[in-house]
Amino acid sequence: MLRDGRDQDVPNLTNAFHTLHTKLGIKDSEKHLVLKHHDYLHRYFQDKMEFLNISLLGIAYRYVVKIE
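In what follows, the accompanying structure is described. (Residues numbered from 1 in each chain as written. Predicted model: local features only at pLDDT ≥ 70, side-chain atom pairs only at ≥ 80, totals over all residues. Heavy atoms only, no water.)

Some thoughts on the packing of helix H1 (residues 10–23) against helix H4 (residues 57–67)
Helix-helix packing is characterised by the crossing angle of the two axes and by the distance between the axes.
Piece 1. For the pair H1 and H4, the least separation of the axes is 10 Å and the interaxial angle reads 155°. Taken together, the axes of H1 and H4 lie roughly antiparallel to each other. Here H1 runs over H4; the crossing is right-handed. Residues Val-10, Pro-11, Thr-14 and Phe-17 of H1 form the contact with H4, whose participating residues are Leu-57, Tyr-61, Val-64 and Val-65.
Piece 2. Class assignment of the residues belonging to the contact of H1 with H4 gives a composition of 7 nonpolar, 1 polar and no charged. (Axes fitted to C-alpha atoms, helices over the stretch in contact; angles between N-to-C directions. Helix = DSSP H or I, 4+ residues; strand = E, 2+ residues; numbered from the N terminus. Parallel < 35°, antiparallel > 145°, perpendicular 65-115°, else oblique. Left-handed = near helix turned anticlockwise from the far one by under 90°. Contact = heavy atoms within 4.5 Å. Nonpolar A, V, L, I, M, F, W, Y, C, P; charged D, E, K, R; others polar.)

Structure below.
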C-alpha cells in the first residue's frame, strides 16, 4: 500500500504511483485511478479535493500541485 510520505512532494508521489500501477499491470479505469491516487495523498489534500468531481488523473495531479 502506497502512502504519502511527510517529506515527499506531489510530483514524486505521483511518479511512484504511476510506476507501481504500471509495473503491477493494473488496468483500472481512469476514474478508478483518480480515486486510488486520492486515497494515497496526505489527508490535507484529500480534504481540499473532497467535493470535486475529477475524472482524469492529469487534472487531479495538477490540482494537487496547485494546492501544494
